[in-house]
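These are the residues of each chain, in order.
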2 protein chains.
Amino acid sequence: MKMSDVARTAGVSVATVSKVVNGRWGVAQSTVDRVQRVIEQLGYEASLGAQSLRSQRTNVLGILVAEFEPFSTELLKGASAEVERTDYELLAYAAGARGSKVGWERRSLARLSGTLIDGAILVTPTVVEAKQGVHVVAIDPHTGPSGMPTVDSDNFAGAMLATNHLLGLGHRRIGFIGGRPDLESARLREAGFRKAMAQARVGVDEALVRVGGYRTESAEGPARELLSRAERPTAVFAANDLSAIATVMAARGLGLTVPDDLSVIGFDNVPESALSRPPLTTIKQPLQQMGAEALRLLVDLIAGVERDTHVRLPTELVVRDSCTPPR
Amino acid sequence: MKMSDVARTAGVSVATVSKVVNGRWGVAQSTVDRVQRVIEQLGYEASLGAQSLRSQRTNVLGILVAEFEPFSTELLKGASAEVERTDYELLAYAAGARGSKVGWERRSLARLSGTLIDGAILVTPTVVEAKQGVHVVAIDPHTGPSGMPTVDSDNFAGAMLATNHLLGLGHRRIGFIGGRPDLESARLREAGFRKAMAQARVGVDEALVRVGGYRTESAEGPARELLSRAERPTAVFAANDLSAIATVMAARGLGLTVPDDLSVIGFDNVPESALSRPPLTTIKQPLQQMGAEALRLLVDLIAGVERDTHVRLPTELVVRDSCTPPR
DNA sequence: ATGAAAGCGCTAACAT
DNA sequence: ATGTTAGCGCTTTCAT
């Protein structure tokens, strides 16, 4: 089913069909009607691939992620809700396992931009190369507010909120499971942790600070190590919910009960944090809103609207059941 | 940055570059090396649009949805995890608001298939037109096990589970908020509800059976109507979690407390069901597993593997806090 | 081993 | 008002 099929059936040239499809001027009303009827009948729809190769605009926005996990899918929900208010369509692309997963953002962007999509949202990109000619918005990128339009949340304040919550409960021996060192968010969360500890004049035991890499698989080992120490912490602040869940699992594996033997606080407030046993106390990032803001920002950028290209949203404490005072 | 740029820089023709990129036979090793170095240097990546227009395979699988909401994003997580075990990449496409949202599955499929993707997973499609030449798997489609390869869960048994849970608690006046009448899953859930009621010899008050359409916005009105009746139900079985959440909100709006004044049970076990206040008792569909199974099925279909093309997964009761015995 | 050229489905400038 | 034609970036014969 292609345009030439429509043309043949309607007894016109492909050029005429193209004009009808794109609402171009200069086709007789009777022809328009006839062609449209054929299109309807045959259920013709222009091929995105071919269409975009030839024309500049596709009316499709891309959101590029490494994979679809709880974090990126929350952003997706927000972007999806916002895109309904525009006349764009949304294309989410997950880089494959090919190429060892590093540099996926550049690869995906190169593969899609210029042709398939009019602009892209990059989720936690680490290579922030300012491509020109393509409109790009980053969510929670490698570096802080750089030249690239960015949406993030107040990671530093959020980390202080988390740490102060543990301190307020009376904890002093507090461990930290860090995120991906290549992400600004991870740096800010660690900085917030240290700042709050310093403000409270509580020392940070460096043996209790580990790198968890933001993923369950990569965080469980470090968490277990940390909890296996003779002088183990009474509380752990994990840099994101997945690491926090991994920490809870590690604790369970060591015969520890959360929160009785160990308090755990996470970060992000992905839905999974509430499903975890016990439900996780965490710092909420307004992820759906961040997705929506990023999409709005991208649309504005494409439209040439003059506006602030850096959006930072507030974080807040969500108290559930994974933290209590130390025994 | 296109192939001709690489060719010019490397001092060869585009044809040669293409051969190198695709690992074709018949290029001198020295040339291969040189071209690859240039590709590396320039960060060249083939344009998906152009590439797919010309060649048959793209190594990209599509998952087509109406929008990114809790249900489809759970499927996405499962499909994403499974795709890592293959060498495909995953492209999720949300039909835009254009064209009044009906027939989106046909439109999206026509737009992407043939060119951009090697196969597609359709999420809750209602128009199950067996396109030929494109490999398609449906999740929870309009019709039951048809000719189209399908993944779903045992909706009928799940609905009986839900209804029997309410009956077991002692409820007799039980309302039902139905799903989208055009989806087989909705029909089966209603059928399961009626079957369980009949088995228990409890009558169904037709005034307490409404259509909620599976969405929060569309379910809240019917829920309010149902709860505003003089003889209001002591429990409601909502055909999915979003409708159940809408029912809880409607109850709250009427000054009713869940579960004290009204028990509510949902269906799906999307993460949001646990976040709801109170946490929702519901029927779990293994959504991530369904996404993974659909992807595996699609990959097998493309590879020409002989296998069962209909996968049905079990449902189970998840007890949380939204149901108690009637007062 | 390499390159020239045709063509994938579409759009747009240019005839007619 | 309609059709002819060139060309988007790429792959694939087919010459050389």
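Keep in mind that this is a model prediction, so the values were computed, not measured. What you see as residue numbers is a count from 1 along each chain, following the sequence as written. By the order in which they are written, chains take letters starting at A while ligands take numbers starting at 1. The predicted origin of the model limits local features to residues at a pLDDT of at least 70 and limits the giving and counting of side-chain atom pairs to 80 or more, whereas totals for whole chains, interfaces and linings rest on all residues. Side-chain numbers here rest on the full set of heavy atoms in the structure, without hydrogens or water.

A. Highlighting the nonpolar core. Side-chain atoms within 4.5 Å are what join buried Ala, Val, Leu, Ile, Met, Phe, Trp, Tyr and Cys residues into a set we call a nonpolar core. With a 1.4 Å probe rolled over the protein chains alone, any residue whose accessible area is under 20% of its type maximum counts as buried; one over 50% counts as exposed, and the rest are partly exposed. Ranked by size, the top nonpolar core spans 58 residues in total, and within it Ile63, Phe68 and Leu90 of chain A together with Ile63, Phe68 and Leu90 of chain B carry the most contacts. Contacts are assigned to residue pairs that have any heavy atoms within 4.5 Å of one another. Contact partners of Leu90 of chain B, with chain neighbours within four places excluded, come to Phe68, Ala92, Tyr93 and Ala94 of chain A together with Leu61, Ile63, Ala79, Ser80, Val83 and Leu295 of chain B. Ala95, Leu112, Ala120 and Ala138 of chain A belong to the second largest nonpolar core, which has 34 residues in total.

B. Examining the protein's contact with DNA strand D more closely. Note on definitions. A residue lies near a molecule or strand when any single heavy atom of the residue is within 4 Å of it. Near DNA strand D you find 24 residues, and of these Ser13, Gly26 and Arg54 of chain A together with Met3 and Tyr44 of chain B are the closest. Expressed as a percentage, the sugar and phosphate content of the atoms of DNA strand D within 4 Å of the protein is 59%. Whenever two N or O atoms come within 3.5 Å, that pair is a polar contact, provided that in protein one can donate a hydrogen and the other can accept it, and provided that, for residues adjacent in sequence, both atoms are side-chain atoms. Measuring from a phosphate oxygen of DNA strand D, one finds a side-chain N or O atom of Thr16 of chain A at 3.1 Å. Here Arg54 of chain B contributes a side-chain N or O atom positioned 2.8 Å from a base oxygen of DNA strand D. The numbering of helices and of strands both runs from the N terminus, where a helix is a DSSP run of H or I of at least 4 residues and a strand a run of E of at least 2. For the surface near DNA strand D, the elements supplying multiple residues, two or more each, are α2 (14–21) and α4 (48–54) of chain A together with α2 (14–21) and α4 (48–54) of chain B.

C. Here's a closer look at the domain arrangement of chain A. Taken domain by domain, chain A consists of domain 1 (3–46), domain 2 (60–152 + 287–311) and domain 3 (155–285). Per the annotation, domain bounds derive from an automatic or database assignment of domains. When each unit is reduced to the centre of its C-alpha atoms, the spacing between domain 1 of chain A and domain 3 of chain A is 61 Å.

D. Here's a closer look at the pairing of strand β2 (residues 89–94) of chain B. Burial runs high along β2 of chain B: six of the six residues are buried. Here β2 of chain B shows a buried face lined by Glu89, Leu91 and Tyr93 of chain B and a second buried face lined by Leu90, Ala92 and Ala94 of chain B. Pairing between strands is defined by DSSP: at least two bridges between the two strands are required. With five bridges connecting them, strand β2 (residues 89–94) of chain A and β2 of chain B associate as antiparallel partners. Its bridge partner being in β2 of chain B, Ala94 of chain A is matched across the sheet by Leu90 of chain B. When strand β1 (residues 60–65) of chain B meets β2 of chain B, the two strands line up parallel, connected through six bridges. The residue of β2 of chain B that forms the bridge with Val65 of chain B is Ala94 of chain B. Here the term right-handed applies to a crossover when the path leading from its first strand over the helix to its second strand runs clockwise, the strands being oriented away from the viewer. Chirality of the crossover, the property in question, places the unit of β1 of chain B, helix α5 (residues 70–83) of chain B and β2 of chain B among those that are right-handed.

E. Summary view of the UniProt feature "domain: HTH lacI-type" (unreviewed entry) in chain A. UniProt positions are given in the numbering used here, feature names are shortened, and annotations may be inferred rather than shown by experiment. Here, UniProt's "domain: HTH lacI-type" (unreviewed entry) annotation points to residues 1–55 of chain A. For residues 1–55 of chain A, the helix share is 67%, the strand share is 0%, and the end-to-end C-alpha distance is 20 Å.

F. Representation of the packing of helix α9 (residues 216–228) of chain A against helix α10 (residues 241–253) of chain A in the model. All names here are of chain A. What counts as an axis is a line fitted to C-alpha atoms, over the stretch in contact for a helix, and the angles between N-to-C directions run from 0 to 180 degrees. Between α9 and α10, the least distance of the axes is 8 Å, while the angle of their chain directions is 45°. Regarding the angle of α9 to α10, the classification is oblique. Handedness of the α9/α10 crossing: right-handed. Facing α9, whose interface residues are Thr216, Ala219, Glu220, Ala223, Arg224 and Leu227, α10 presents Leu242, Ser243, Ala246, Thr247, Met249, Ala250 and Ala251. When residue character is reported, Ala, Val, Leu, Ile, Met, Phe, Trp, Tyr, Cys and Pro are called nonpolar, Asp, Glu, Lys and Arg charged, and the others, Gly included, polar. Of the residues assigned to the contact of α9 with α10, the class counts are eight nonpolar, three polar and two charged. Angle categories: roughly parallel below 35 degrees, roughly antiparallel above 145, roughly perpendicular from 65 to 115, and oblique for all the rest. Should the near helix be turned anticlockwise from the far one by less than a right angle, the crossing is left-handed, and should it be turned clockwise, the crossing is right-handed.

G. Quick look at unusual backbone geometry. Here the amide bond leading from Val258 of chain B into Pro259 of chain B is cis, since omega sits at 10°, within 30 degrees of zero. Along the chain, the position of Pro259 of chain B falls in the loop between α10 (241–253) and β9 (263–268). A cis amide bond links Arg277 of chain B with the next residue in sequence, Pro278 of chain B, at an omega value of -10°. For Pro278 of chain B, the position within the fold is in the loop between α11 (272–275) and β10 (281–284). The residue Asp140 of chain A is not glycine, and still its phi comes out positive at about 55°. Considering the arrangement of structural elements, one finds Asp140 of chain A in the loop between β4 (135–139) and β5 (150–153). Asp140 of chain A gets classed as buried once you look at its relative accessible area, which sits at 4%. Phi is positive for Arg201 of chain B, close to 60°, though the residue is something other than glycine. Checked against the element boundaries, Arg201 of chain B lands in the loop between α8 (184–199) and β7 (209–211).

H. Region of interest: α2 of chain B. All names here are of chain B. Listing the buried residues of α2 in full gives Thr16, Val17 and Val20. For α2, the angular spread of the buried residues around the axis is 100°, confining them to a single face. For α2, the elements touching its buried residues are α1 (3–10) and α3 (29–42). Phi turns positive, to about 60°, at Gly23, one or two residues after α2. It is the directions from the helix axis to the C-beta atoms whose arc is reported.

I. How the structure looks around the relation of the copies chain A and chain B. When the copies are superposed, the least-squares fit takes in the C-alpha atoms of residues with a pLDDT of at least 70 in both. Once chain A has been moved 0.0 Å along the axis and rotated by 180°, it coincides with chain B to within an RMSD of 0.0 Å. The transformation just described matches what one would write down for a two-fold rotation axis. Mapped onto chain B, 100% of the interface residues of chain A are again interface residues, and the two copies thus contact each other with one and the same surface.

J. Just the sheet that holds strand β11 (residues 310–313) of chain A, in detail. Judged by pairing direction, the sheet is mixed, and its twelve strands sit side by side in the order β11(A)-β5(A)-β4(A)-β3(A)-β1(A)-β2(A)-β2(B)-β1(B)-β3(B)-β4(B)-β5(B)-β11(B) without closing on themselves. Both edges of this open sheet fall to β11 of chain A together with β11 (310–313) of chain B, since each of them pairs with a single strand only. In this sheet, neighbouring strand axes are inclined to one another by 15° on average, regardless of whether the strands run parallel or antiparallel. When strand β3 (residues 119–123) of chain A meets β4 of chain A, the two strands line up parallel, connected through five bridges.

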